[in-house]
Number of protein chains: 2
Amino acid sequence: MPEVTGSSRPGGRTARTRESVLAAVRQLLAEQNAEVTVPAVAARSGVHATTIYRRWGTLESLLLDVAVADTQASSPVPATGDLRADLTSYVARLLTSLRGPGALGMLRAMLAAVRTADSAMEIVDFVQPRVDDFQAMLDAAEVTAIDGYRLIEIVLAPAYLRAQLGIPLDPATDGERLVDTALAVVERDQAE
Amino acid sequence: MPEVTGSSRPGGRTARTRESVLAAVRQLLAEQNAEVTVPAVAARSGVHATTIYRRWGTLESLLLDVAVADTQASSPVPATGDLRADLTSYVARLLTSLRGPGALGMLRAMLAAVRTADSAMEIVDFVQPRVDDFQAMLDAAEVTAIDGYRLIEIVLAPAYLRAQLGIPLDPATDGERLVDTALAVVERDQAE
C-alpha cells in the first residue's frame, strides 16, 4: 500500500518531494508530445523512480493525486457555516463544469487508478483530501447528520452518472434538487 | 429517432416483432462463438435488418432494450404500497447484485448505447420501462414528493458509482442509508 500522502508534515521533506513530483507531472501534461511515464517524471523532478513507485504505487495513482490537488485548487469547496448557501454555490459550479471540456476528468482519473492499483482501497487515500473538503463544509455549519462521504453520495454520484450518460444535469433546473436532498436528511435529523 | 417501443400495443404486431428480435438476441448471446450483429439478429429472427435499424437505431440500443427487459424480469421492483419495505427489499437485491458477476451490465449497456447513438436522448425511451417500475413503487405508496427519476438518482447513482470504483456498497451496512435518504425527502414533504 502506498504511503498515505496526508500523513506527511506540511512543509517537510516528504511534502517537498511530493510537490516536486506533482510539478513535474503538470509540466509533462502541459507539453505536447511529452510522454507522461514514471521514468519521465523521475527525470524531470529529480526524484528517484523507486521513490515514486513506493509512494504512489502506479502512474495512475500519481495522476489521481495531481487531479485531486488541481481540483482542490480550481474548485475550492466553500465552508462559510451556511450549508444551504455553500452547497448551492458548490453544486452550481460542479454542474456547470460537468457540461464543459475536461468534464469527468476526476472520475476518469479515479477509474484509471482503480484499474491499475492492486486494490481499490489503495486509491482511497488519494481521494481523501477532497472528502475532507466536503467534511469541512459540514463542520463549518456544525452539521453531524451526514458526513463528507454521504454528501458526495447525494450530490456527486447523480451528477457523475448523468454526465457519463451524456445527459448532464442542468445547473439552472437540477442543482436545487441535489441540494434539497442533502438538506432533507440534515433537517430531519435536526427536527428529531 | 427510433420508434418509441413503449408505444406499441401489447400483443400487437409491433410487440410480436420486438419479442422475436429480443429472443434472437438472447439466443445469439447464449451461444459461444456466435457474433451478435444486426444481420445475425435479422437472420435468426426473420425480421428484416432495415426494420431493426429503423426501430432501434443501433445494435447497442437493441442490446440495451434486451438488458432492460431482462432486468425487469430478473429483478422486479416491488410495489406493495409500503415504500420503506419495497425500497429496503429492492436496495438489498441491487447492492447484492452489484457485488456479483454481471454487475454493472445495465450501466455498461447504457454507456455503449449512448456512445453509438446519434444523441443520448435516443436511449431514454429504452430505459423508460425501468423508470416506470420505480414510478409504480411510488404510485403504490401514493408518494408524490419524488418521482421515479429522483428515486434512481438517490438510490442507483451512488450504488453504480461505488461499484464502478471497485468499492461496491455493502448490502448489510450501506443499504439502509440509501433508503433513509429517499425517505427523508418523502417524509419532509408529508410533514409540510
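See the structure shown above.
Just so it is clear, the structure is predicted and the values come from calculations on it, not from any experiment.

> Which residues make up the overall build of chain A, and what are the values?
Secondary structure assignment for chain A yields nine helices and zero strands. Scanning chain A from its N terminus toward the C terminus, one meets helices and strands in the order α-α-α-α-α-α-α-α-α. For 192 residues, the compact-globule estimate of 2.2 N^0.38 gives 16 Å, and chain A sits close to it at 18 Å. For chain A, the spread of C-alpha atoms along the three principal axes comes to 55 × 35 × 30 Å. Expressed as a percentage of its 192 residues, the buried residues of chain A come to 49%. Partitioning the contacts of chain A with sequence separation of at least 6, the portion at a separation of at least 24 is 67%. As presented, chain A carries roughly 9,200 Å² of accessible surface, and 52% of it is formed by carbon and sulfur atoms. Positive and negative side-chain charges of chain A, numbering 18 and 25 respectively, have mean locations separated by a distance of 6 Å.

> I'd like a description of the interface of chain A and chain B, backed by residues and values.
With 27 residues of chain A at the interface, the matching set in chain B holds 28 residues. Here chain A packs against chain B, burying approximately 2,400 Å² in sum over the two surfaces, 64% of which is carbon and sulfur. On the chain A side of the contact with chain B, Glu153(A), Leu165(A) and Arg188(A) bury the most area, a combined 24% of that side's loss. Where chain A touches chain B, the interface holds eight salt bridges. The partner of Asp180(A) in a salt bridge is Arg188(B), and the shortest N-O contact between them spans 2.6 Å. Counting across the interface, chain A meets chain B through 10 residue pairs in polar contact (both at pLDDT 80 or more).

> Can you break down the relation of the copies chain A and chain B residue by residue, with the values?
A rotation about some axis, followed by a shift along it, carries one copy of the chain onto the other. Overlay of chain A on chain B (RMSD 0.0 Å): rotation 180 degrees, translation along the axis 0.0 Å. Such values leave the two copies arranged in the relation of a two-fold axis. Interface residue correspondence from chain A to chain B reaches 100%, placing this contact among same-surface, isologous pairings.

Each value, and the rule that gives it
Residues numbered from 1 in each chain as written. Chains lettered and ligands numbered in written order. Predicted model: local features only at pLDDT ≥ 70, side-chain atom pairs only at ≥ 80, totals over all residues. Heavy atoms only, no water. Helix = DSSP H or I, 4+ residues; strand = E, 2+ residues; numbered from the N terminus. Rg over C-alpha atoms; globule rule 2.2 N^0.38 Å. Buried < 20%, exposed > 50% of the residue type's maximum accessible area, 1.4 Å probe, protein only. Contact = heavy atoms within 4.5 Å. Areas by Shrake-Rupley, 256 points an atom, 1.4 Å probe, with all protein chains shown as cover. Lys, Arg positive; Asp, Glu negative; His and termini not counted. Charge placed at Lys NZ, Arg CZ, Asp CG, Glu CD. Buried area = accessible area lost by both parts, 1.4 Å probe. Salt bridge = Lys/Arg side-chain N within 4 Å of Asp/Glu carboxyl O. Polar contact = N/O pair within 3.5 Å; in protein donor to acceptor, adjacent residues only side chain to side chain. Least-squares fit on C-alpha atoms with pLDDT ≥ 70 in both.

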